[in-house]
Amino acid sequence: MKRLPLLAISLLAVLAVSACSSTQDVLEPSAIAASPPAPGVLQSETQGSLPVQTASTNQSAAINPGIASRTRLRFDPIVGATADVAAPLTARLAERTRASGIALAGSTDPSTTHVLKGYFSTLTEGGQTTVIYVWDVYDTSGNRLHRINGQQKAAGRGEGWAAVPPATMQAIADSTIDRLTTWIAGSTG
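A. Here's a closer look at the pattern of salt bridges. Throughout the structure, instances matching the rule amount to seven salt bridges. R96 is paired through a salt bridge with D174; the nearest N and O atoms lie 2.9 Å apart. Taken together, the positions of R96 in helix α3 (residues 83-99) and D174 in helix α4 (residues 166-188) put the pair 78 residues apart, joining distant regions of the chain. Of the residues examined, R96 reaches a relative accessible area of 0% and is grouped as buried.

Structural data, given as structure tokens:
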């Protein structure tokens, strides 16, 4: 029952963060549309990152190739996380999205089918920091189609974003893409 108040506080924090319009807390993930890695291999450029995974060992590889080829995903700016903490997240999102067979779309790409927008905040309690995240999946008309949310305990010590190592943000990206591809496979199959 202790988790219920923490979840309620977490959701309020996410809502408060999403209401902010400060540009310093928004990461523009324009680097996501960079050239793809070798087929089936996820590469990591961040020291201390999670183990490298191949597409055959993660859930997002289970998406039907026909569905994946029809899906063109654009990432909108990430709200709430600082740019230095969000960089490992955006890099991993791009890696995992490509490995799942889903094409990434640029901000002006007219063939975009889905838009993913993320809201992040931290909660420090008893010396332990937790990252709270909400991803909204939109169609190109701005209609919300799906929501992915969760929380991830940070392995670092301290408070706020200073306590969040790259591995924590990469784990959030892994979970996000796994859940997104599961939803896409179930909703467009």
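B. Summary view of α3. In this model, α3 (17 residues) spans 24 Å end to end at C-alpha, consistent with the 24 Å of a helix rising 1.5 Å per residue. By the criterion of burial, α3 is predominantly enclosed, with 13 of the 17 residues buried. Trailing α3 by a residue or two, G101 shows a phi angle of about 95°, which is positive.

C. View of the packing of aromatic side chains. Taken as a whole, this structure holds two aromatic pairs when the rule is applied. Residues F120 and Y133 carry aromatic rings whose centres are separated by 6.1 Å and whose planes lie at 25° to one another, so their mutual orientation is stacked. Taken together, the residues F120 in strand β5 (residues 114-125) and Y133 in strand β6 (residues 128-138) connect sequence positions 13 residues apart. Classification of F120 as buried rests on a relative accessible area of 0%. When its relative accessible area of 4% is taken as the criterion, Y133 is described as buried. Note on F120 and W135: the rings are 5.4 Å apart at their centroids and 85° apart in plane angle, and the pair reads as edge-to-face.

D. Just the environment of Q128, in detail. On the secondary structure map, Q128 appears in strand β6. For the pair Q128 and G160, spaced 32 residues apart in sequence, the C-alpha to C-alpha distance is 9.4 Å.

E. Spatial organisation of the nonpolar core. Residues L89, F120, W135, W161, M169, I172 and L180 are the most contacted members of the largest nonpolar core, which totals 28 residues. Put simply, the parts of the chain that give this core at least two residues each are β2 (72-75), α3, β5, β6 and α4. When residues no more than four places from it in sequence are discounted, the contact partners of W135 are I78, L89, L93, L116, K117, G118, F120, H146, R147, I148, I172 and T176. Of all hydrophobic cores here, the second largest spans five residues; its members include V79, V115, Y119 and Y138.

F. Spotlight on the confidence of the model for the protein chain. For the protein chain, per-residue confidence averages 74 on the pLDDT scale, and 62% of positions sit at 70 or higher. Across residues 3-61, confidence stays below pLDDT 50; counting only partners more than four residues off in sequence or on other chains, it has 93 contacts.

G. Inspection of the pairing of β2 at higher detail. As paired strands, β2 and strand β4 (residues 103-104) are joined by two bridges and run parallel to one another. Each residue of the ladder has a partner; that of L73, found in β4, is L104. Pairing analysis gives three bridges linking β2 to β5, with the strands arranged parallel. Opposite L73, over in β5, you have H114 as the bridge partner.

H. Quick look at the pairing of β6. Taking burial as the measure, the eleven residues of β6 include ten buried ones, the bulk of the element. Here eleven bridges tie β5 to β6, and the two strands are oriented antiparallel to one another. Residue pairing for β6: F120 is matched across the bridge by Y133. Where β6 and strand β7 (residues 144-153) come together, nine bridges link them in antiparallel fashion. Opposite W135, over in β7, you have I148 as the bridge partner. Where β6 folds back onto β7 in an antiparallel hairpin, the turn is made up of five residues, including G142, whose phi is positive at roughly 90°.

Analysis parameters
All residue numbers refer to position in the chain's written sequence, counted from 1. In keeping with the predicted nature of the model, local features appear solely for residues at pLDDT of at least 70, side-chain atom pairs appear and are counted solely at 80 or more, and the whole-chain, interface and lining totals rest on all residues. Water and hydrogen atoms play no part in the side-chain values, which are based on all heavy atoms of the structure. Note on definitions: salt bridges are taken to be side-chain nitrogens of Lys or Arg within 4 Å of carboxyl oxygens of Asp or Glu. Secondary structure elements are defined from DSSP: runs of H or I of at least 4 residues count as helices, runs of E of at least 2 residues count as strands, and each element is numbered from the N terminus. Buried residues are those whose accessible area, probed at 1.4 Å on protein chains only, stays under 20% of the maximum for their type, while exposed residues exceed 50% and partly exposed ones sit between those limits. To estimate the expected span of a helix, subtract one from its residue number and multiply by 1.5 Å. Note on aromatic pairs: the rings of Phe, Tyr and Trp (six-membered ring only in Trp) are paired at centre separations within 6.5 Å, and the planes decide the class, stacked below 30 degrees, edge-to-face beyond 60, tilted for the rest. Definition of nonpolar core: a set of buried residues of the types Ala, Val, Leu, Ile, Met, Phe, Trp, Tyr and Cys, connected through side-chain atoms within 4.5 Å. Whether two residues are in contact is decided by their heavy atoms, any of which lying within 4.5 Å being enough. By definition, pLDDT measures how confident the predictor is in each residue, and it falls between 0 and 100. Note: two strands are recorded as paired if DSSP finds a minimum of 2 bridges between them.

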